[in-house]
Amino acid sequence: MARQVGMQAGEVLQGKTLYFWRTLQYLLFIAGAGIFFSLIFYPDLGINLLWNVLIPVAPLILVLMPGLWRNICPLSFISLLPRRIGFSGKKRLKLAMQGKFMLTAVCLLYLILPLRHIMLDTSGWASAALLLLVGGGAFVSGATYEWKSGWCSGLCPVSPVEKLYGSKPLVTFPNAQCTSCRNCVIPCPDSAPQIHPLAQQKTPEHRLSGLLLAGGLPGFIWGWFHVPDFHGMEGWHHLIMGYGLPLLSMAFSLTVFCLLSKTLMQDHLLLLIRIFSAAAVVCYYWYRLPALIGFGIFPGDGVLVDLSRDLPFYAPWLLQLSVLLLFSWWLIRKPELQLSWKIKPPFEKTKRHSRI
Ligand code: SF4
């Protein structure tokens, strides 16, 4: 049964519902600021909150409720602030530039993730600096481009992952960010059902970004989990390992994806993308959940609570089996509901808009 929370397409979000979402957005922004300051003043706490709590929960939210995350993400709040307080340039992003932004987002993702092993996972200052940089990027792109085209559906390095994981949401939420739709990005990932990284293929950059993400992410994640965290400046002496292993295994899974999409699964691109998205998220939790409770490949890396002496040796296998069954079923086998992440807001007609 299709599920929508509270509204119909084209309705304006107002009253108590709007108040509820705004409160949630401010709370998440304050929580984000809390993580930022704890990274500086209480680095162990900040690192745990960011890398061992928030980030491990994120893929699950992106699979089940991408619309929820898109409504409350603190970076999205920062990016849309200029629009909300009336000083965004509202520049329209041309199609060619959209493709370039999407490719940049994928490159940023593959550039930033290995930095976690090099220094981010063990340095509060470095992680805080990263948050400052991406927060600044979100603000500037929101102050320049219309609605979410610059950051949330453009340069944000998480946005390609949202498209890969979020093709079968559990529920559709109201759009608590765009008060009117200006068709700022086509297709709009928030409003189009069955969105995926290769949904827009009009320019080479669109195609390349979709391929690198959908085909490459499972391999990249596998390689990433086989690199340890480095401490202090040690990581800078292991750049080849930090980047090389994830990129090499990414090249392998990308090659398999390309071969399958040209041969056996030529007519089933969406299914192929979902198999690879399931592979990526299963691979992530396969390694990440055991590590969180002290059963990781590299002892001490990414541990939230060390339960390795309290739980039986087979506990991680049970977790891994559950993850395999849940996400394979959800992303590959679960019946299609054709839900979008969010309900489209009312359309805003302007002279410029009518020419699109
Ligand atoms: S709902 Fe409309 S204005 Fe908002 S992000 Fe989507 S296309 Fe842009």
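This text follows the structure it describes.
Residues numbered from 1 in each chain as written. Predicted model: local features only at pLDDT ≥ 70, side-chain atom pairs only at ≥ 80, totals over all residues.

Novice: Quick question: what am I supposed to make of the overall build of the protein here?
Specialist: Counting its secondary structure elements, the protein contains 13 helices and zero strands. Written out in order from the N terminus, the α and β elements of the protein read α-α-α-α-α-α-α-α-α-α-α-α-α. Taking 356 residues into account, the globule formula puts the C-alpha radius of gyration at 21 Å, and the protein, at 20 Å, falls close to it. In terms of principal-axis extent, the alpha carbons of the protein reach across some 60 × 55 × 40 Å. (Helix = DSSP H or I, 4+ residues; strand = E, 2+ residues; numbered from the N terminus. Rg over C-alpha atoms; globule rule 2.2 N^0.38 Å.)

Novice: Looking at this structure, how should I read helix 4 (residues 74-84)?
Specialist: Note: α-helices contain 3.6 residues per turn, so residues at a spacing of three or four share the same orientation. For helix 4, the tally of buried residues reaches eight of eleven residues, placing the bulk of the element in the interior. Those residues of helix 4 that sit buried are Pro74, Leu75, Ser76, Phe77, Ser79, Leu80, Pro82 and Arg83. (Buried ≥ 20, exposed ≤ 12 C-beta atoms within 10 Å, placed from the backbone.)

Novice: Would you mind showing me how to read the site of the ligand here?
Specialist: Contacts to the ligand come from 15 residues, most closely from Lys148, Cys178, Cys181, Cys184 and Cys188. Taken together, the residues of the shell around the ligand sort by class into seven nonpolar, four polar and four charged. (Near = placed C-beta within 6 Å. Nonpolar A, V, L, I, M, F, W, Y, C, P; charged D, E, K, R; others polar.)

Novice: Can you help me understand helix 6 (residues 124-144) in this one?
Specialist: Counted at 1.5 Å a residue, the expected span for helix 6 with its 21 residues is 30 Å, and the 30 Å between its end C-alpha atoms agrees. Every buried residue belonging to helix 6 is among Gly124, Ser127, Ala128, Val134, Ala138, Ser141 and Gly142, and all of these are buried. In a view along the axis of helix 6, the buried residues occupy a sector of 160°, so they form one face of it. Seen from the buried face of helix 6, the exposed residues on the opposite side, beyond 90 degrees, are Leu132, Leu133 and Gly136. (Expected span 1.5 Å × (residues − 1). Arc of directions from axis to C-beta.)

Novice: I'm lost on unusual backbone geometry in this one. Help?
Specialist: Following Ile186, the chain continues to Pro187 via a peptide bond in cis, the omega torsion being -5°. Relative to the helices and strands, Pro187 resides in the loop between helix 8 (159-165) and helix 9 (204-224). With a phi close to 50°, Lys90 is a non-glycine residue in the positive phi region. On the secondary structure map, Lys90 appears in the loop between helix 4 and helix 5 (95-118). Even without being glycine, Gln338 reaches a positive phi, approximately 55°. Within the secondary structure layout, Gln338 lies in the loop between helix 12 (315-333) and helix 13 (351-354).

Novice: Explain the nonpolar core to me, please; I cannot follow it from the model alone.
Specialist: Taken as a class, soluble globular proteins show a tendency for nonpolar side chains to be buried jointly. Judged by nonpolar contacts, the single largest core of 65 residues is most densely connected at Val106, Ile221, Ala280, Val281, Val282 and Cys283. The element best represented in this core is helix 11 (residues 269-292), accounting for 14 residues. Other than its neighbours up to four places away in sequence, Val282 contacts Val323, Leu324, Phe327 and Ser328. Among the nonpolar cores identified, the runner-up in size contains five residues, and Ile35, Leu39, Ile47 and Leu50 belong to it. (Core = buried A, V, L, I, M, F, W, Y, C linked by C-beta atoms within 7 Å. Contact = placed C-beta atoms within 7 Å.)

Novice: What am I meant to see in the environment of Ala126 here?
Specialist: With respect to the helices and strands, the residue Ala126 is situated in helix 6. Sequence separation between Ala126 and Tyr145 is 19 residues; the distance between their C-alpha atoms is 28 Å.

Novice: What is the right way to look at the packing of helix 1 (residues 15-41) against helix 6 in this model?
Specialist: Axes are the key here: two packed helices are described by the angle between their axes and the distance separating the axes. Running from N to C, helix 1 and helix 6 cross one another at 150°; their axes reach a closest spacing of 7 Å. You can see that helix 1 and helix 6 cross each other, and the crossing is left-handed. In this structure, helix 1 contributes Phe36, Leu39 and Ile40 to the contact, and helix 6 contributes Gly124, Trp125, Ser127, Ala128 and Leu131. Across the contact of helix 1 with helix 6, the residue classes break down as six nonpolar, two polar and no charged. (Axes fitted to C-alpha atoms, helices over the stretch in contact; angles between N-to-C directions. Left-handed = near helix turned anticlockwise from the far one by under 90°.)

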